[in-house]
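Tertiary structure, described
One letter stands for each residue in the lines below.
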Amino acid sequence: MKQKIKKLSNEVNAFKFESSDDVENFRIKYLSKKGLINSCFDDFKSVSPKDKKEIGKLLNQLKISAQKKVEGYNSKETNTKNHKKTINDITKPGEIISEGSRHPISIVRNRIVEIFSNIGFTISEGPEIEDDWHNFTALNLPEHHPARDMQDTFFIEKNPDYLLRTHTSSVQVRFMENNNPPIRTISPGRVYRNEAISARSHCFFHQIEGLCIDEDISFADLKQTLEYFTTELFGKSEIRFRPSYFPFTEPSAEVDVYWGLNNETDHKMTKGTGWLEIMGCGMVDPNVLKNCNIDHEKYTGFAFGLGIDRIALLLHQIDDIRLLSENDIRFLKQFRSSF
Ligand code: PHE
């Protein structure tokens, strides 16, 4: 048996490949199911137990060296083929490399991040899987608070609760726990709500949270900041605040920007009112500051949260939110941006 393996080994080593046909013949002769090496493996069954170890090793070495020989030839072959292809015809005009495009969500997010960075806001992020404390309790939404129903939550685990965050306000809490005022930060991210999917709403979407905490921050600062923001983003500075309710801000408001009623699209987009709702905001509730170990006697602040998807739909006049997550290349190719 040893003799036989040795003989085969020599044959394998001496075999010269001149063409891919040679390789195929070699493969059939030695490596195929009925090939010579496999027939040795059949004989191996009758080898005496004391020789098994040594002969087994030799056999495996033989098989591996035969396989390597074939692989070595094949990879050399593809290398030279590729090489030939690239230098085939140097007079040929260059191939057009099509430029990628950014996703509309990224375009809007990057633009908003830029606008706030310009006035000194830092960027912060938090996890999409959150615990109850950061998504609800610390935000002044204790257990059994009816406002928890405002946000249909996807729970991952109960007791202790883990969930998919329903808003980026959870990042406010994380940021305040880990940083001292003055704080100026925005937190972009994906959020999840257990809602029926339609042209208007999806079970996941994107928000940007804003948080500013310092001494003597007032509603006037919030107003100024948002006016600056809408002027930069939409080129429109007329905004209005409608009283609203969020457990983590007091007072709370929803912000509309005056879009105008100049044409049919304006009428459609603003439902004939000229106003577009763009975000929720308010002065951070002192209870939230307390929960995050910030001195609520000394500091005040404002927070806001806006939906990126909605703004992307508005800016690009897209009428179905589902297009944003379907990855249809014909849709995505239409967006060009330097952001
Ligand atoms: N978290 C709120 C929402 O998702 C938005 C918000 C953020 C409101 C910050 C006020 C302050 O609807």
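The sections below set out a description of the structure shown in this document. Quick caveat, the model's predicted, so the values are computed rather than measured.

Relative to the 22 Å expected for 16 residues at 1.5 Å per residue, helix α8 (residues 219-234) spans 22 Å between its end C-alpha atoms, a close match to the ideal helical length. Of the positions making up α8, those classed as buried are L222, T225, L226, F229, T230, L233 and F234. Down the axis of α8, the buried side of the element spans an arc of 130°, and every buried residue falls inside it. Looking at the buried residues of α8, the elements they touch are α5 (104-117), β7 (239-246), β8 (249-258), β9 (275-284), β10 (300-307) and α11 (308-316).

So, on to the site of the ligand. For the ligand, the set of nearby residues contains 14 residues, the closest of which are H167, S169, R193, Q207 and E209. Take R193: an N or O atom from its side chain is 2.9 Å from an oxygen atom of the ligand. Contact between the ligand and Q207: an oxygen atom at 3.0 Å from a side-chain N or O atom of the residue. Coverage of the ligand by the protein amounts to 92% of the 330 Å² it exposes when considered alone. When residues in the shell around the ligand are grouped by element, the largest group, three residues, is from β10.

Moving on to the sheet that holds strand β3 (residues 155-157). A sheet is described by the order of its strands in space; here three strands give the open sequence β2-β4-β3, paired in antiparallel fashion. A strand with exactly one partner marks an edge of an open sheet, and here the two such strands are β2 (129-131) and β3. For this sheet, the mean angle separating the axes of adjacent strands, direction not counted, is 35°. For β2 and strand β4 (residues 162-164), the ladder comprises three bridges, and the chain directions are antiparallel. Residue pairing for β4: I129 is matched across the bridge by L164.

Taken together, seven strands build an open sheet; the order of strands is β1-β5-β6-β10-β9-β8-β7 and the sheet is mixed. In this open sheet, the two edge strands, each paired with only one partner strand, are β1 (122-123) and β7. In this structure, β9 lies alongside β10, joined through five bridges in antiparallel fashion. Residue pairing in the sheet places G282 in a bridge with A303 of β10. Sitting on the sheet, helix α7 (residues 169-178) touches β1, β5 (183-192), β6 (204-214) and β10, and the angle it makes with β6 is about 35°.

A few words now on the state of the cysteines. Taken as a whole and assessed by the stated rule, the structure comprises zero disulfides. There is no disulfide at C281, and the cysteine sulfur nearest it, in C212, is 13 Å away.

Basis of the calculations
Residues numbered from 1 in each chain as written. Predicted model: local features only at pLDDT ≥ 70, side-chain atom pairs only at ≥ 80, totals over all residues. Heavy atoms only, no water. Helix = DSSP H or I, 4+ residues; strand = E, 2+ residues; numbered from the N terminus. Expected span 1.5 Å × (residues − 1). Buried < 20%, exposed > 50% of the residue type's maximum accessible area, 1.4 Å probe, protein only. Arc of directions from axis to C-beta. Contact = heavy atoms within 4.5 Å. Near = heavy atom within 4 Å. Polar contact = N/O pair within 3.5 Å; in protein donor to acceptor, adjacent residues only side chain to side chain. Areas by Shrake-Rupley, 256 points an atom, 1.4 Å probe, with all protein chains shown as cover. Pairing = 2+ DSSP bridges. Axes fitted to C-alpha atoms, helices over the stretch in contact; angles between N-to-C directions. Disulfide = S-S within 2.5 Å.

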